[in-house]
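The residues making up each chain are set out below.
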Amino acid sequence: MNEQLRTGGCQCGAVRFRIHGKLGRPSICHCRMCQKQFGSFFSALVTVPPESLEWTRGEPSYFQSSVNIDRGFCPHCGTPLTYRHPSGIELAIGAFDDRSDLAPQIQVNYAYRLPWVETIFDQPVFEDPDFDRQQEQIISFQHPDHDTEIWPEKGLHL
């Protein structure tokens, strides 16, 4: 992984991080706890040396999901952010501003994967120009994929 400066954060912008240094191995975890934390088929995480992680705006709240594990999330919008365990911390790949070079290199807890997860990308692709035009009209209140000087504590609201 690169030794560049990396940034990221939650959907609303209340929690932001910066990492200086080399990241560890990106992975996918199929365990049930990760499925529940992410509300998804699996989690995608990358190991981060704890000494290189800096919270630059806010900090996650934590839920202890097992004896040795706690999981961090934004206390305002609920975005899953961290997986802390006795030997370190991992961050959600989706929370990074630039995720382009964080392709998972390994799958863990593979025996717990959903039986159909290997074929999800074999499904037809929905393509409809009208749908695409409707999507372009959506006004997003989520934090942009870069650091900002100021941002409302709980994101933009109407």
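First, a word on what this report is: a plain description of the structure on this page. Just so it is clear, the model here is predicted, and its values are computed rather than measured.

Ranked by internal contacts, the top residues of the largest apolar core, which has 19 residues, are Ile19 and Phe96. Excluding residues that lie within four positions of it along the chain, phenylalanine 96 makes contacts with Arg6, Thr7, Gly8, Phe17, Ile19, Leu23, Val46, Leu91 and Leu102. The next biggest cluster of nonpolar side chains, apart from the first, holds six residues, and it includes Cys29, Cys31, Leu45 and Tyr83.

Summed over all chains, the structure comprises three aromatic pairs. When the centroid spacing of 5.2 Å and the interplanar angle of 75° are considered together, the rings of phenylalanine 17 and phenylalanine 96 count as edge-to-face. Pair noted here: phenylalanine 17 is in strand S2 (residues 16–19) and phenylalanine 96 is in the loop between strand S9 (88–92) and strand S10 (106–108), with a separation of 79 residues, a long-range link. Each member of the pair, phenylalanine 17 as well as phenylalanine 96, carries the same accessibility label: buried. Their ring planes at 85° and their centres at 4.8 Å tell us that phenylalanine 41 and tryptophan 116 sit as a pair that is edge-to-face. With phenylalanine 41 in the loop between helix H1 (32–38) and strand S4 (43–48) and tryptophan 116 in the loop between S10 and helix H2 (129–136), this pair connects stretches of sequence that are 75 residues apart. Look at phenylalanine 41 and you get partly exposed, because its relative accessible area is 33%. Under the relative-accessibility criterion, tryptophan 116 is labelled partly exposed at 39%.

Time to look at the pattern of salt bridges. Applying the stated criterion to the full structure yields seven salt bridges. Where aspartate 97 meets arginine 16, a salt bridge forms, and the shortest distance between an N and an O atom there is 2.7 Å. With aspartate 97 in the loop between S9 and S10 and arginine 16 in strand S2, this pair connects stretches of sequence that are 81 residues apart. Taken as a pair, aspartate 97 and arginine 16 share a single burial class, namely buried. Relative accessible area serves as the criterion here: at 2%, arginine 16 is assigned to the buried category. Salt bridges sharing partners connect three or more residues here, namely Arg16, Asp97 and Asp147.

What the three strands build is an open sheet, ordered S1-S2-S5; its pairing is antiparallel. Of all the strands in the sheet, just strand S1 (6–9) and strand S5 (53–57) have a single pairing partner and so form its edges. When strand polarity is set aside, the average angle formed by the axes of neighbouring strands in this sheet is 25°. Pairing of S1 with S2 involves four bridges; the strand directions are antiparallel.

For the rest of this paragraph, the subject is the sheet that holds S9. Pairing within the open sheet is mixed, and its seven strands lie in the order S6-S7-S8-S9-S4-S3-S10. Since the sheet does not close on itself, it has two edges, and those belong to strand S6 (61–64) and S10, each with one partner. Across the sheet, the mean angle from the axis of one strand to that of its neighbour is 30°, orientation sign disregarded.

Procedures and definitions
- Residues numbered from 1 in each chain as written.
- Predicted model: local features only at pLDDT ≥ 70, side-chain atom pairs only at ≥ 80, totals over all residues.
- Heavy atoms only, no water.
- Core = buried A, V, L, I, M, F, W, Y, C linked by side-chain atoms within 4.5 Å.
- Buried < 20%, exposed > 50% of the residue type's maximum accessible area, 1.4 Å probe, protein only.
- Contact = heavy atoms within 4.5 Å.
- Phe/Tyr/Trp six-rings, centres within 6.5 Å; stacked < 30°, edge-to-face > 60°.
- Helix = DSSP H or I, 4+ residues; strand = E, 2+ residues; numbered from the N terminus.
- Salt bridge = Lys/Arg side-chain N within 4 Å of Asp/Glu carboxyl O.
- Pairing = 2+ DSSP bridges.
- Axes fitted to C-alpha atoms, helices over the stretch in contact; angles between N-to-C directions.

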